[in-house]
Amino acid sequence: TTMPTILLLLTLLGVLYSHGHGMSREEKRKFRNQVVEMFDHAYQNYMDHAYPADELMPLTCRGRVRGLEPSRGDVDDALGKFSLTLIDTLDTLVLLNKTTEFEAAVRKVLSDVTLDNDIVVSVFETNIRVLGGLLGGHSMALMLKERGEHMQWYQDELLHMAKDLGLRLLPAFNTSSGLPYPRVNLKHGVWGPDSRTGTETDTCTACAGTIILEFAALSRYTGDPVFEAHARRAMDFLWEKRQRNSNLVGTTINIHSGEWVRRDSGVGAGIDSYYEYLLKAYILLGDDMFLQRFNIHYASIMKYISQPPLLLDVHIHKPLLPARTWMDSLLAFFPGLQVLKGDIRPAIETHEMLYQVTKKHNFLPEAFTTDFRVHWAQHPLRPEFAESTYFLYKATGDPYYLEAGRTILDNLNRFARVPCGFAAMKDVRTGSHEDRMDSFFLAEMFKYLFLLFAEDEELLFDVEDYVFTTEAHFLPLSLSTTVLTLSNEELDDSNFDWTCPNTRLLFPDPAFPRNLREPIRSAVDRSCPRPAPYRYVLEPGMGRPPLRAQDFMANNPEHLELLRRMGVSLIHLKDGRVQLVQHPSQAVSTVAAEDGVRFMQEMMELSSQQQKEQLPPRAIQIVSHPFFGRVVLTAGPAQFGTDLSKSSTGVRGFVTIAEPYSGCSEITNAEYVQGHIALLQRGQCMFAEKARHIQKAGAIGGIVIDDNEGSSSDTAPLFQMAGDGRSTDDITLPLLFLFHKEGNILLEALKEYREVEVLLSDKARDRGVTLGFSVNAAALLPFPTFPCGEL
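- The name given to the chain in an unreviewed UniProt entry is alpha-1,2-Mannosidase, with the source organism recorded as Takifugu rubripes.
- The UniProt entry for the chain carries the following comment under Subcellular location (unreviewed entry): "Endoplasmic reticulum".
- The heading Sequence similarities (unreviewed entry) in the UniProt record of the chain holds the text "Belongs to the glycosyl hydrolase 47 family."

Details of the sheet that holds strand β7 (residues 260–262)
Backbone-to-backbone hydrogen bonds pair the strands of a sheet. The strands run either parallel or antiparallel.
Inference 1: Spatially, the three strands line up as an open sheet ordered β5-β6-β7, and their pairing is antiparallel. Only two strands of the sheet have a single neighbouring strand rather than two, namely β5 (202–204) and β7. Between one strand axis and the next, the sheet turns by 35° as a mean value, whatever way the strands run.
Inference 2: Sheet topology places strand β6 (residues 252–254) next to β7; two bridges connect them, and they run antiparallel. Within the sheet, the bridge partner assigned to Ile 253 lies in β7 and is Trp 260.

Digging into the UniProt feature "active site" (unreviewed entry) in the chain
Inference 1: Feature annotation in UniProt assigns "active site" (unreviewed entry) to the following positions: Glu 125, Asp 272, Glu 366 and Glu 384. As for the largest cavity, its lining draws on Glu 384 from among the annotated residues.
Inference 2: Within the fold, Glu 125 resides in helix α5 (residues 123–147).
Inference 3: The class of Glu 125 is partly exposed, set by a relative accessible area of 21%.
Inference 4: Not counting chain neighbours up to four residues away, the residues in contact with Glu 125 comprise Ala 78 and Val 130.
Inference 5: Along the polypeptide, Asp 272 turns up in helix α10 (residues 272–285).
Inference 6: In this view, Asp 272 contacts Ala 206, Val 267, Leu 330 and Phe 333; residues no more than four positions away in its chain are not counted.

Things to note about the pattern of salt bridges
Inference 1: All chains considered together, the criterion is met by 52 salt bridges.
Inference 2: Among the salt bridges present, the one from Lys 163 reaches Asp 224, with a minimum N-O distance of 3.8 Å. Within this pair, whereas Lys 163 is found in helix α6 (residues 157–169), its partner Asp 224 is found in the loop between α8 (212–222) and α9 (226–240), the two being separated by 61 residues in sequence.
Inference 3: Residue class for Lys 163 comes out partly exposed when judged on its relative accessible area of 28%.
Inference 4: One salt bridge connects Lys 751 with Glu 748, and the closest N-O pair in it is separated by 3.4 Å.

Let's talk about the side chain of Ser 439
Inference 1: Residue position: Ser 439 is located in helix α16 (residues 439–453).
Inference 2: If we ignore the near neighbours within four places in the chain, the residues touching Ser 439 are Glu 55, Leu 84, Thr 85, Asp 88, Arg 129 and Glu 471.

Quick word on the sheet that holds strand β27 (residues 701–705)
Inference 1: Spatial ordering of the open sheet is given by β24-β23-β29-β25-β26-β27-β28, a layout of seven strands whose pairing is mixed. Each edge of the sheet is formed by a strand with only one pairing partner; in this case those strands are β24 (631–635) and β28 (735–738). Shown here is a sheet whose adjacent strand axes are inclined to one another by a mean of 35°, direction ignored.
Inference 2: Where strand β26 (residues 677–681) and β27 come together, five bridges link them in parallel fashion. In the strand pairing of β27, Leu 680 is matched with Val 704.
Inference 3: Across the face of the sheet, helix α22 (residues 740–753) comes into contact with β23 (618–622), β24, β25 (651–657), β26, β27, β28 and β29 (757–761) while running at roughly 105° to β28.

A few points about the nonpolar core
Inference 1: The biggest cluster of nonpolar side chains holds 176 residues, and the ones touching the most others in it are Phe 102, Met 353, Leu 412, Phe 422 and Phe 461.
Inference 2: Looking at this core, the element that brings in the most residues is α5, giving 11 residues.
Inference 3: Not counting the four nearest positions on each side in its chain, Met 353 is found in contact with Pro 309, Leu 310, Met 327, Phe 368, Phe 372, Ile 520 and Val 524.
Inference 4: Listed in part, the 25 residues of the second largest apolar core include Leu 59, Val 418, Val 651 and Val 655.

Observations regarding the packing of helix α2 (residues 25–49) against helix α3 (residues 84–95)
Inference 1: For the pair α2 and α3, interaxial distance at closest approach is 12 Å and the crossing angle is 145°. The two elements α2 and α3 meet at a crossing, and its hand is left-handed. Touching Phe 39, Tyr 43, Tyr 46 and Met 47 of α2 are Thr 85, Leu 86, Thr 89, Thr 92 and Leu 93, all from α3.
Inference 2: Split into classes, the residues belonging to the contact of α2 with α3 amount to six nonpolar, three polar and no charged.

A closer look at the environment of Ala 162
Inference 1: Among the secondary structure elements, Ala 162 is positioned in helix α6.
Inference 2: With 60 residues separating them along the chain, Ala 162 and Thr 222 place their C-alpha atoms 9.8 Å apart.
Inference 3: Apart from the residues lying within four places of it in its own chain, the contact partners of Ala 162 are Leu 131, Leu 134, Leu 135 and Leu 218.

Observations concerning the pairing of β27
The two faces of the sheet receive side chains in turn, since in a regular strand these alternate between them.
Inference 1: Here β27 lies mainly inside the structure; five of its five residues are buried.
Inference 2: Alternating positions in β27 separate into two faces, Gly 701, Ile 703 and Ile 705 on one and Gly 702 and Val 704 on the other, with burial throughout.
Inference 3: Assessed by its sense of winding, the connection that carries the chain from β26 through helix α21 (residues 687–696) to β27 is right-handed.
Inference 4: Strand direction decides the pairing type here: β27 and β28, joined by four bridges, are parallel. Within the sheet, the bridge partner assigned to Val 704 lies in β28 and is Phe 737.

Let's talk about the UniProt feature "binding site: Ca(2+)" (unreviewed entry) in the chain
Inference 1: Sites flagged by UniProt as "binding site: Ca(2+)" (unreviewed entry) map to Thr 470.
Inference 2: The residue Thr 470 is located in the loop between β19 (466–468) and β20 (474–476) in this model.
Inference 3: Looking at Thr 470, the relative accessible area reads 15%, which means it is buried.
Inference 4: Discounting chain neighbours no more than four positions away, the residues touching Thr 470 are Ile 128, Thr 210, Ser 273, Glu 276, Tyr 277 and Glu 444.
Inference 5: In terms of polar contacts, Thr 470 uses its side chain to reach the side chain of Glu 276, at 2.8 Å.

Describing the pairing of β24
Inference 1: Where burial is concerned, most of β24 is hidden: five out of the five residues are buried.
Inference 2: Judged by which residues are buried, β24 turns out to be covered on both faces: Val 631, Leu 633 and Ala 635 on one side and Val 632 and Thr 634 on the other are all buried.
Inference 3: The pairing of β23 with β24 spans five bridges and is classified as antiparallel. When the bridges of β24 are listed, Arg 618 appears paired with Ala 635.

Here's the deal with unusual backbone geometry
Inference 1: With an omega dihedral of 0°, the bond running from His 625 to Pro 626 counts as a cis peptide bond.
Inference 2: Looking at the element boundaries, Pro 626 is found in the loop between β23 and β24.
Inference 3: In this model, Glu 659 is joined to Pro 660 through a cis peptide bond whose omega is 0°.
Inference 4: With respect to the helices and strands, Pro 660 occurs in the loop between β25 and α20 (670–673).
Inference 5: Its identity as a non-glycine residue notwithstanding, Asn 247 has a phi of 55°, on the positive side.

What counts, and where the lines are drawn
Residues numbered from 1 in each chain as written. Predicted model: local features only at pLDDT ≥ 70, side-chain atom pairs only at ≥ 80, totals over all residues. Heavy atoms only, no water. UniProt positions renumbered as here; feature names shortened; annotations may be inferred. Pairing = 2+ DSSP bridges. Helix = DSSP H or I, 4+ residues; strand = E, 2+ residues; numbered from the N terminus. Axes fitted to C-alpha atoms, helices over the stretch in contact; angles between N-to-C directions. 1 Å grid on protein atoms, 1.4 Å probe; cavity = no way out; pocket = protein on both sides within 12 Å on 5 of 7 lines; lining within 4 Å. Buried < 20%, exposed > 50% of the residue type's maximum accessible area, 1.4 Å probe, protein only. Contact = heavy atoms within 4.5 Å. Salt bridge = Lys/Arg side-chain N within 4 Å of Asp/Glu carboxyl O. Core = buried A, V, L, I, M, F, W, Y, C linked by side-chain atoms within 4.5 Å. Left-handed = near helix turned anticlockwise from the far one by under 90°. Nonpolar A, V, L, I, M, F, W, Y, C, P; charged D, E, K, R; others polar. Right-handed = clockwise from strand over helix to strand, strands pointing away. Polar contact = N/O pair within 3.5 Å; in protein donor to acceptor, adjacent residues only side chain to side chain.

Below you can see the structure in the form of structure tokens.
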């Protein structure tokens, strides 16, 4: 009975959109071709400069091999010497109609990649990127083979590799709880004397709860139920350990006892894909139990965490108490999940907030505050915002989301594109780069952007027949017909709203999304002081909301009285600073004590924010041929000399190595240093002394390069170069500091091109536009860029 209504809606929408200001098919094709060109630039540079290494380092044009580069801590757990980027990219090649390249890539994986490596890897990352990549590749190979043109030789070789990898991950699940260890040795498992792992006690909720799609697909493809059984057991345990009053889960859990180690709950880092896999496990496997659990969690998320357009972490035991005043960029996937759930209004609102933050900073910072300032400034080219943009476009048909996709493309080309690929942003405020291009950039970003601009008839296969894993790998929905032994848990229909997840949803009124977006745009644009984002319960007799950290003044008697009521006392230190101490038992009530906890958290965040703001990084942009402003190095400032943050143009000049290189005595090559930016080596004397010597020689600026081999802004915190204890008012040129690795990029460029021009500034200038190159910088791009918003 509902069919005619749906058809009527379709016709109506067609009429409405045809008269709107949508994007023409030609424009969409242009952007789709641009996505393919950008993918080629990233993929070809990986194959030319990095393969068989796991990742490309796009600034130094070489592969990242674990153990040969300085450790980046947990980030390196994704690397397992198994050509990660190639495996992660397999099914992207098919989606982009690169079937010949796919066939060649599969042959490369089968001939070159070994899994029997004595290396400790993340169970979570290896599952979603490598196991998922192999299964996505296998599902694409089967689809192509069936069509009769490509892959006729294929005999399930990727599936055999996937099973081999699955067996190598299984030892991690050998715990009394069924939750996996966070890391496993690919060769020696977890327990053995050679494994170098197995001592961990904690894992994140997403780490344990993002296994079911890949493991169930592996079980159903191979007929071996052991993988799905282990993944289900982990999911069952997390469900059992949810907080029963709030129905929320924490961020970190003890894998042996099941105790929550971190009790904050949100939809971003540490939890995100657990919720995603509950809904998608229902879609892929057809097991109602997963949908029921998802719906119960979702109701709690919407009750406590969702405060449109914000999604804010809370404590699982006290869900009305906020856990922090900032959001992380991983939550950008959530509007896409809400589309699958069929809850489009909050998806539109949160996406719009994220879009405005993106326009403000060019990319989503890793974390940003509730008033949309930068909290953590990096951006590792994450695809979650593009993912939600695609799903919202599919759901609404609103061409606004095509414009959002165009903004993503534009910003990637303007700010992240470098000669050897695309480089992660070290700092969205300065535009400086990190020598990093994660495999998920190729696995996910280009898939979602291609799908956004592609017409259905331009695709080799119907994406509606597949579910996207959290790494955007394709698993066919036909796997659900392969029924294995399922859980017998009774279903409670009382808390059960059936959803029919399909990205082909329709929205009756195209104006409706626009009405939801308008107020959010102005909120982010102005970054005006917002009302407190938490839900405050007014305490009887108190008569006013509690004190906010940013409003606090230590000499205000009213503020001190408010602190006393919240159980916070103030100690005056000898150096003039004040210290705050909280004793919840001294608060006038439990509500006031909770306010005190929140006030202390805000004060700590405010304090760390102020400390960060004292150390703004600077940018060194290589503007001469063949870089044309595309490589931006992260530099530390000096406490003396020209303050580049107060200069609208920065200082531009050719670089010259000073002699002596230390800069600790009079410069002997002054005729070359004059009018140039001098390169100096760290050490042997004070920074201010170096600055005075090059200034006397007529330099217009200086760059000090760290002499500590292997140091890098990727792994070491920036610092300000201090003066020498006496007045430095006589130093009038800018001096910046580069770690060894970034300095080497500059020195190598000088060796190769002799004449290297750089711009020293507080933030990178737009490539090829405001830098005023005489050459055609756009030659690097096959399409024009689309300036949008201020840099």
